[in-house]
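Listed here are the chains, written in short residue letters.
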Protein chains: 2
Amino acid sequence: MEKLDPWGSNTITNYEKAFEEFGVQKLSNNLKLDHHLFKRNIILAHRDFDKIIKRIKEKKSFIQMTGIASSGKLHLGHKIDIDLFVFFKKYNSKNYFGICDIDGYVSRDKIKSLEEAKKYAVENLAHALALGVDKKDISLQSKKEPRYYEFAFELSKKITKNMFEAVYGHLNLGKVSANLLQYADILHPQLKEYEGKMPSLTSIGLDQDPHAKLTRDLSRRLGYNLEVPSFLYFKHQSGLLKDKKMSASEQDTAIFLDDSESEIKRKINKSFTGGKDTLKEQKEKGGNLSICKVYEILMFHDPSDANSKKVARLCKAGAPCKDCKDVCTDFLTKMLKKHQSKLKTTRKIAEKMVFNRKI
Amino acid sequence: MEKLDPWGSNTITNYEKAFEEFGVQKLSNNLKLDHHLFKRNIILAHRDFDKIIKRIKEKKSFIQMTGIASSGKLHLGHKIDIDLFVFFKKYNSKNYFGICDIDGYVSRDKIKSLEEAKKYAVENLAHALALGVDKKDISLQSKKEPRYYEFAFELSKKITKNMFEAVYGHLNLGKVSANLLQYADILHPQLKEYEGKMPSLTSIGLDQDPHAKLTRDLSRRLGYNLEVPSFLYFKHQSGLLKDKKMSASEQDTAIFLDDSESEIKRKINKSFTGGKDTLKEQKEKGGNLSICKVYEILMFHDPSDANSKKVARLCKAGAPCKDCKDVCTDFLTKMLKKHQSKLKTTRKIAEKMVFNRKI
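What you see is a predicted model, and the numbers here were worked out from it, not measured in a lab.

Cut-offs and rules
Residues numbered from 1 in each chain as written. Chains lettered and ligands numbered in written order. Predicted model: local features only at pLDDT ≥ 70, side-chain atom pairs only at ≥ 80, totals over all residues. Heavy atoms only, no water. Helix = DSSP H or I, 4+ residues; strand = E, 2+ residues; numbered from the N terminus. Rg over C-alpha atoms; globule rule 2.2 N^0.38 Å. Buried < 20%, exposed > 50% of the residue type's maximum accessible area, 1.4 Å probe, protein only. Contact = heavy atoms within 4.5 Å. Areas by Shrake-Rupley, 256 points an atom, 1.4 Å probe, with all protein chains shown as cover. Lys, Arg positive; Asp, Glu negative; His and termini not counted. Charge placed at Lys NZ, Arg CZ, Asp CG, Glu CD. Least-squares fit on C-alpha atoms with pLDDT ≥ 70 in both. Axes fitted to C-alpha atoms, helices over the stretch in contact; angles between N-to-C directions. Parallel < 35°, antiparallel > 145°, perpendicular 65-115°, else oblique. Left-handed = near helix turned anticlockwise from the far one by under 90°. Nonpolar A, V, L, I, M, F, W, Y, C, P; charged D, E, K, R; others polar. Pairing = 2+ DSSP bridges. Phe/Tyr/Trp six-rings, centres within 6.5 Å; stacked < 30°, edge-to-face > 60°. Lys NZ or Arg CZ within 6 Å of the ring centre and 35° of its normal. Core = buried A, V, L, I, M, F, W, Y, C linked by side-chain atoms within 4.5 Å. Buried area = accessible area lost by both parts, 1.4 Å probe. Salt bridge = Lys/Arg side-chain N within 4 Å of Asp/Glu carboxyl O. Polar contact = N/O pair within 3.5 Å; in protein donor to acceptor, adjacent residues only side chain to side chain. Right-handed = clockwise from strand over helix to strand, strands pointing away.

### Overview of the overall build of chain A
Of regular secondary structure, chain A possesses 16 helices and 7 strands. Its C-alpha atoms give chain A a radius of gyration of 21 Å, near enough to 21 Å, the size a compact globule of 359 residues would have. The principal-axis extents of the C-alpha atoms in chain A amount to approximately 65 × 45 × 40 Å. Among the 359 residues that make up chain A, the fraction classed as buried is 57%. Put simply, of all contacts in chain A between residues at least 6 apart along the chain, 72% involve residues at least 24 apart. Element-wise, carbon and sulfur atoms account for 50% of the exposed surface of chain A, whose accessible area totals about 15,400 Å². Here chain A holds 67 positive side-chain charges and 47 negative ones, and the gap between their average locations is 3 Å.

Written out as structure tokens, the structure is:
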């Protein structure tokens, strides 16, 4: 059985099998929206996403809630989360973008102080704002309304130790706290003090499904009149190196959103591709696109098909991998330069939001 | 070994033994203040109360923090807590009187909804205000600043499952939440966003010592510069009936702060005394004052010695218990009538504080 530990590895090798075992549904074509993450099957499964599609068709509002634990720098893997959030705004959604600083501190051993989590919160928030999340849509965990915290604590009465251990396999009080906050993050927008009962959407990796299941279960048992929240599941972007996940703790597995041009170039040149061992063999047989990190990056991040088609063509024709890497480096550099040009402004806003004096 | 379960029975029969086992210190005469609860040895033990006495002598401030879980009506047993809190105000203390509505809900099975806890919060708050607690000194758990909640969650990273189980013997996620809130209640006044580092005092029953110990331990390990909090321990007032504790769940064991004159009379007449089986024997030998509930009430609640001395005299002289009961009923009726006359006003204030619209 696939191990689903939200704090563990995020490599799920057999998606079809995982669907079956966890009871999530494969995303059928009639539930796909006009976005490259849908079209390219990067968003691949759901729970109750049809409720959201119905709201969109009826031009009615729905809640979208996503969040990032403030425990490290953001890389390309996080970017699709944010891109998707920004994409859904056009459908008249009520937006809650969680900057989860308390969660980041209490659930991660490596984060040694709340101060450290808050520094990541500033950075992550600056990036989210630069990528198009609105300041008013930020749900900063350490600066919420009393009702939010009350609700998080309230939830603890509805979860038993056994339930928690059955889902997560272990019990650690910091992680219990982080989970209560996460359940509250997803469910609180439906309280009468916020938007009221409404379909809600959260996009996560399949490895986060234990959270989703428990959150959905809670929504039914709480005694509030809540819509069971919907979830979209996306494939995780893999790491740049062979058999690695994209992880902030291994610098060369990831392109960070604040990587410099030379860093991007260096990492892409070092990245794993489907190229053959010799140039001669490559020329004769072509490369293997399906395992190529360069191609994967374009599929995940380049909405236009031009670059990925070009890379596919080059690969099939047996061009040296360096040619494709140049295409990718060029694309990433332009994209991230544009993004980074906004950071100076958004970082100031973020600092104010996280470190303001109000207690 | 005495069982110390903060949610269980509060009857501790052998105080001297308990002192030894739990490492609390007996209150020596040089640490006693001019209040009948000190003079009559109802406050009988402490941890670091000398730090508070030192501050009082130096005319410096200290924090005092006490709290009541919103899980039932207040009775005489709660009143001494509040009386003591009001007494300490004259020493220039920084006051935090906790109305613990979230705690009341999450830690008690019998409280079925947060709404129910909040109704008790209104009632308890109304009584506290009527007894002389200032509105500005109320620390209402569901209406605190984000920093307070953040701090409560923060604490979860410093407690392990094993620590919790070792102290409490069981682990229940609602009670974990309640405890995090209680630790935060006691420690947050020392954060820089509140009063800053300062000796702090909390008065509790000896059965609450597991909380005290873990809170003191936390204060040392948190990484903040905090004074280890001081505690005073008082004897619990026993129930009106034989071998019963004073408990809101058994109506006739307790005089509630809102009991009517006829209720008071009925309960006192029914209460257990040290009277002999026959009036004849009583006349010959006198009663046993040391087990008499009527005498206990006067010792706990009547600051003047007149009534208790009178009862002692009557008892020794072999007067019928009815005479002493009349003295007690008379005292209680007057005291509570005066108290209850303020409730109409304070209840309105309390309702506004608990149920205001701000989220």
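### Quick word on the relation of the copies chain A and chain B
The transformation that overlays chain A on chain B combines an axial shift of 0.0 Å with a rotation of 180°, and the residual RMSD is 0.0 Å. Expressed as an axis order, the relation between the two copies is that of a two-fold axis.

### A word on the packing of helix α7 (residues 146-155) of chain B against helix α9 (residues 173-187) of chain B
All names here are of chain B. Packing of α7 against α9 leaves a shortest axis separation of 8 Å and a crossing angle of 120°. The orientation of α7 with respect to α9, classified from their angle, is oblique. For the pair α7 and α9, the sense of crossing is right-handed. Along its contact with α7, which presents Tyr148, Phe151, Ala152 and Leu155, the element α9 presents Leu180, Leu181, Tyr183, Ala184, Asp185 and Leu187. Along the lines of polarity and charge, the residues of the contact of α7 with α9 split into 9 nonpolar, no polar and 1 charged.

### Some words on the side chain of Thr215 of chain B
With respect to the helices and strands, the residue Thr215 of chain B is situated in helix α10 (residues 209-221). Setting aside residues up to four positions removed in sequence, Thr215 of chain B forms contacts with Tyr183, Ile186, Leu187, Pro229 and Phe231 of chain B.

### So, the sheet that holds strand β7 (residues 230-234) of chain A
What the 7 strands build is an open sheet, ordered β1-β2-β7-β6-β3-β4-β5 (chain A); its pairing is mixed. Of all strands in the sheet, those with a lone pairing partner are β1 (25-26) and β5 (138-140) of chain A, marking the two edges.

### Here we look at the packing of aromatic side chains
Counted according to the given criterion, the structure contains 25 aromatic pairs over all chains. Ring centres of Phe38 of chain B and Phe49 of chain B lie 5.9 Å apart, and the angle between their planes is 25°; on these two criteria the pair is classed as stacked. With Phe38 of chain B in helix α2 (residues 36-39) and Phe49 of chain B in helix α3 (residues 49-57), this pair connects stretches of sequence that are 11 residues apart. Taken together, Phe38, Phe49, Phe62, Phe87, Phe88 and Tyr91 of chain A form an aromatic cluster joined through their ring pairs. Sitting over the ring of Tyr148 of chain A, Lys144 of chain A keeps its end group 5.1 Å from the ring centre.

### Observations concerning the nonpolar core
Soluble globular proteins tend to bury their nonpolar side chains together. Grouped together as the largest cluster of nonpolar side chains are 94 residues, with contacts concentrated most on Tyr183 of chain A together with Tyr183 of chain B. The residues touching Tyr183 of chain B, leaving out its near neighbours within four places in the chain, are Leu155, Ile159, Phe164, Tyr168, His211, Leu214, Thr215 and Leu218 of chain B.

### A word on the interface of chain A and chain B
Every contact between the two is made by 37 residues of chain A and, on the other side, 37 residues of chain B. Roughly 3,300 Å² is buried in total at the junction of chain A and chain B, and carbon and sulfur atoms are behind 68% of that figure. Three residues, Phe153, Leu173 and Ile359 of chain A, lead the burial of chain A against chain B; their summed loss comes to 27% of the area buried on that side. Joining chain A to chain B, the criterion identifies 4 salt bridges. As a salt-bridge pair, Glu165 of chain A and Lys161 of chain B come within 3.1 Å of each other at their nearest N and O atoms. In this structure, the connection of chain A to chain B is made through 14 residue pairs in polar contact (both at pLDDT 80 or more). Going through the elements one at a time, α5 (101-107), α6 (114-130), α7 (146-155), α8 (161-168) and α9 (173-187) of chain A are the ones with two or more residues in the side of chain A that touches chain B.

### Quick notes on the packing of helix α4 (residues 76-88) of chain A against helix α13 (residues 293-301) of chain A
Residues and elements named next belong to chain A. As a packed pair, α4 and α13 sit with axes 10 Å apart at the nearest point and diverge in direction by 20°. Judged by the inter-axis angle, α4 sits roughly parallel to α13. Considering how the two elements wind past one another, α4 and α13 form a crossing that is left-handed. Contacts between α4 and α13 involve Leu76, Lys79 and Ile80 from the first element and Ile297, Phe300 and His301 from the second. Split into classes, the residues belonging to the contact of α4 with α13 amount to 4 nonpolar, 1 polar and 1 charged.

### Details of the sheet that holds strand β6 (residues 200-205) of chain B
Residues and elements named next belong to chain B. Strand order in the open sheet formed by 7 strands is β1-β2-β7-β6-β3-β4-β5, with mixed pairing between adjacent strands. Here the strands that pair on one side only, and so sit at the sheet edges, are β1 (25-26) and β5 (138-140). Where strand β2 (residues 43-47) and strand β7 (residues 230-234) come together, 4 bridges link them in antiparallel fashion. In the strand pairing of β7, Arg47 is matched with Phe231.

### Some words on unusual backbone geometry
It is generally the case that most residues other than glycine have a negative phi and that most peptide bonds are trans. Residue and element names in this part refer to chain A. Positioned with a positive phi, Asn92 is a non-glycine residue whose angle comes to about 65°. The residue Asn92 is located in the loop between α4 and β4 (94-100) in this model. With phi around 55°, Asp243 is a residue other than glycine that occupies positive phi space. Topologically, Asp243 is positioned in the loop between β7 and α11 (261-270).

### Here we look at the pairing of strand β3 (residues 63-69) of chain B
Residues and elements named next belong to chain B. Most of β3 is tucked away: 6 of the 7 residues are buried. Relative to strand β4 (residues 94-100), β3 runs parallel, the two sharing 7 bridges. Of the residues in β4, the one forming a bridge with Ala69 is Cys100. This β-α-β element, β3 to helix α4 (residues 76-88) to β4, shows right-handed connectivity. Here β3 runs beside β6; their pairing, made up of 2 bridges, is parallel. In the strand pairing of β6, Gln64 is matched with Leu201.

### Notes on the pattern of salt bridges
All names here are of chain B. Summed over the entire model, instances satisfying the criterion amount to 66 salt bridges over all chains. Notably, a salt bridge pairs Asp252 with Arg266, separated by 3.0 Å at the nearest N-O pair. Here Asp252, found in the loop between β7 and α11 (261-270), pairs with Arg266, found in helix α11; they are 14 residues apart in sequence, far enough to count as distant. For Arg266, a relative accessible area of 36% puts it in the partly exposed group. Put simply, Lys337 and Glu261 hold a salt bridge, and the shortest N to O gap is 3.2 Å.

### Quick look at the environment of Asn30 of chain B
Relative to the assigned elements, Asn30 of chain B resides in the loop between β1 and α2. A polar atom in the side chain of Asn30 of chain B sits 2.5 Å from the side chain of Ser28 of chain B.

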